[in-house]
Amino acid sequence: MKLLVPVKRVVDFNVKIRVKPDGSGVELANVKMSMNPFDEIAVEEAVRLKEQGKVTEVVAVSVGPAQAAETLRTALAMGADRGILVKTDATVEPLAVAKILKKVVEQESPQLVIMGKQAIDDDSNQTGQMLAALLGWPQGTFAFKVSLNAGTIDVTREVDGGLQTVGLKLPAIVTTDLRLNEPRYASLPNIMKAKKKPLDETTPEALGVDVAPRLKVLKTAEPGGRKAGVKVGSVAELVNKLKTEAGVL
Ligand code: AMP
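Note that the structure is a prediction, hence the values are computed from the model and not measured. (Residues numbered from 1 in each chain as written. Predicted model: local features only at pLDDT ≥ 70, side-chain atom pairs only at ≥ 80, totals over all residues. Heavy atoms only, no water.)

## Observations regarding the overall build of the chain
Consideration 1: Across its full length, the chain holds six helices and eleven strands.
Consideration 2: Projecting the C-alpha coordinates of the chain onto the three principal axes gives extents of approximately 65 × 45 × 40 Å.
Consideration 3: The burial tally for the chain puts 40% of its 249 residues in the buried class.
Consideration 4: Counted over contacts in the chain with a minimum sequence separation of 6, partners at least 24 positions apart contribute 70%.
Consideration 5: Approximately 14,000 Å² of the chain is accessible, and the part contributed by carbon and sulfur atoms is 53%.
Consideration 6: The average position of the 34 basic charges and that of the 30 acidic charges among the side chains of the chain differ by 2 Å. (Helix = DSSP H or I, 4+ residues; strand = E, 2+ residues; numbered from the N terminus. Buried < 20%, exposed > 50% of the residue type's maximum accessible area, 1.4 Å probe, protein only. Contact = heavy atoms within 4.5 Å. Areas by Shrake-Rupley, 256 points an atom, 1.4 Å probe, with all protein chains shown as cover. Lys, Arg positive; Asp, Glu negative; His and termini not counted. Charge placed at Lys NZ, Arg CZ, Asp CG, Glu CD.)

Laid out in structure tokens, this is it:
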């Protein structure tokens, strides 16, 4: 059984984000980029399923510029078998990514797609849901635990009230939450081996997908600084401040 894992190249989670002086977006020049952390969790889960003998091939796919090939190499070093780069220098919005992934799914025929619940750059939390809708496949979002059986998958999800388990018929889409697993580090020998693994390249145009933006960014601004806190002497004082100053009671 084949498994597809979409991975996005994003600003590294340790980098302090700076807004471009003209407010048109976030500064990306000379900034460390890495695989989206939720996608690392997706790759880890896919590789674990392969190690358990439940999956035969793990294919990683990334939509982005030439440098997104590095992100795919990281996935290959973690244990994915093959990479597909859908090369474009355009900013690709979630709907266009979902349309591209749909084409890749049609070409590759995976039984399962495991992807991040959200990309930490735009925090959209949309692509997995849109892909499920476009394909007409069931979805298990915010996965905390997955259990893959013959023809079905049980996904335990993180929901407001705690945990909820849904049973999905394959083929299906799963999006990962933070507690699903702890991704491995790619070892040096595996990084070397990954250089020899196949990495195919295509473009949105070759797949017949128009990536022209549908959204317009009006302004990007830094969040306001946090105000200093105060220490209260008693519960009564706290309640009083919450009532009179914060206005939340
Ligand atoms: P988003 O809806 O943008 O928050 O992204 C959710 C998930 O969709 C990510 O964690 C990735 O698994 C996948 N995804 C989004 N954009 C891309 C991209 N450009 N290339 C590959 N996968 C992507």
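## Some details on the UniProt feature "domain: Electron transfer flavoprotein alpha/beta-subunit N-terminal" (unreviewed entry) in the chain
Consideration 1: In this numbering, the UniProt entry assigns the feature "domain: Electron transfer flavoprotein alpha/beta-subunit N-terminal" (unreviewed entry) to residues 23-211.
Consideration 2: When the span residues 23-211 is considered, its composition is 30% helix and 30% strand, and the gap between its end C-alpha atoms is 23 Å. (UniProt positions renumbered as here; feature names shortened; annotations may be inferred.)

## Section: helix 3 (residues 94-108)
Consideration 1: The terminal C-alpha atoms of helix 3 lie 20 Å apart, and with 15 residues this matches the ideal 21 Å at 1.5 Å per residue to within 8%.
Consideration 2: Turning to helix 3, its buried residues are P94, A96, V97, A98, I100, L101, V104, V105 and E108.
Consideration 3: In this structure, the buried residues of helix 3 make contact with strand 1 (2-6), strand 4 (57-64), strand 5 (82-87), strand 6 (112-116) and helix 4 (127-135).
Consideration 4: Positive backbone phi, at 50°, marks S109, one or two positions downstream of helix 3. (Expected span 1.5 Å × (residues − 1).)

## Regarding the site of the ligand
Consideration 1: Lining the immediate environment of the ligand, one finds 18 residues, of which D39, A119, N125, Q126 and T127 sit closest.
Consideration 2: At a separation of 3.0 Å, an oxygen atom of the ligand approaches a polar side-chain atom of N36.
Consideration 3: One nitrogen or oxygen atom from the side chain of D39 is found 2.5 Å from an oxygen atom belonging to the ligand.
Consideration 4: If you list the elements that add at least two residues to the shell around the ligand, you get strand 4 and strand 6.
Consideration 5: Ranked by the residues each element gives to the shell around the ligand, the list is headed by strand 4, at three residues.
Consideration 6: Residue classes in the shell around the ligand are distributed as seven nonpolar, eight polar and three charged. (Near = heavy atom within 4 Å. Polar contact = N/O pair within 3.5 Å; in protein donor to acceptor, adjacent residues only side chain to side chain. Nonpolar A, V, L, I, M, F, W, Y, C, P; charged D, E, K, R; others polar.)

## Topic: the pattern of salt bridges
Close approach of charged atoms allows side chains of opposite charge to pair.
Consideration 1: Overall, the coordinates contain 16 salt bridges when judged by the stated rule.
Consideration 2: A salt bridge links K50 to D81; the nearest nitrogen and oxygen atoms lie 2.6 Å apart. Linking K50 in helix 1 (residues 37-51) with D81 in the loop between helix 2 (68-78) and strand 5, this pair joins segments that are 31 residues apart in sequence.
Consideration 3: On the basis of relative accessibility, which here comes to 29%, the residue K50 falls in the partly exposed class.
Consideration 4: On the basis of relative accessibility, which here comes to 21%, the residue D81 falls in the partly exposed class.
Consideration 5: Each of K2, E57, R82, E108 and D200 takes part in a single network of salt bridges with overlapping partners. (Salt bridge = Lys/Arg side-chain N within 4 Å of Asp/Glu carboxyl O.)

## Concerning the sheet that holds strand 1
Pairing between the strands of a sheet is mediated by backbone hydrogen bonds and can be parallel or antiparallel.
Consideration 1: Taken in spatial order, the nine strands line up as 9-8-7-10-6-1-4-5-11 in an open sheet, and their pairing is mixed. Single-partner strands in this sheet number two, and they are strand 9 (162-169) and strand 11 (199-202). Direction aside, neighbouring strands of the sheet carry axes that sit 35° apart on average.
Consideration 2: With two bridges joining them, strand 1 and strand 6 adopt parallel strand pairing. When the bridges of strand 6 are listed, L4 appears paired with V113.
Consideration 3: Contacts from helix 2 reach strand 4, strand 5 and strand 11 within the one sheet, and its direction differs from that of strand 5 by about 165°. (Pairing = 2+ DSSP bridges. Axes fitted to C-alpha atoms, helices over the stretch in contact; angles between N-to-C directions.)

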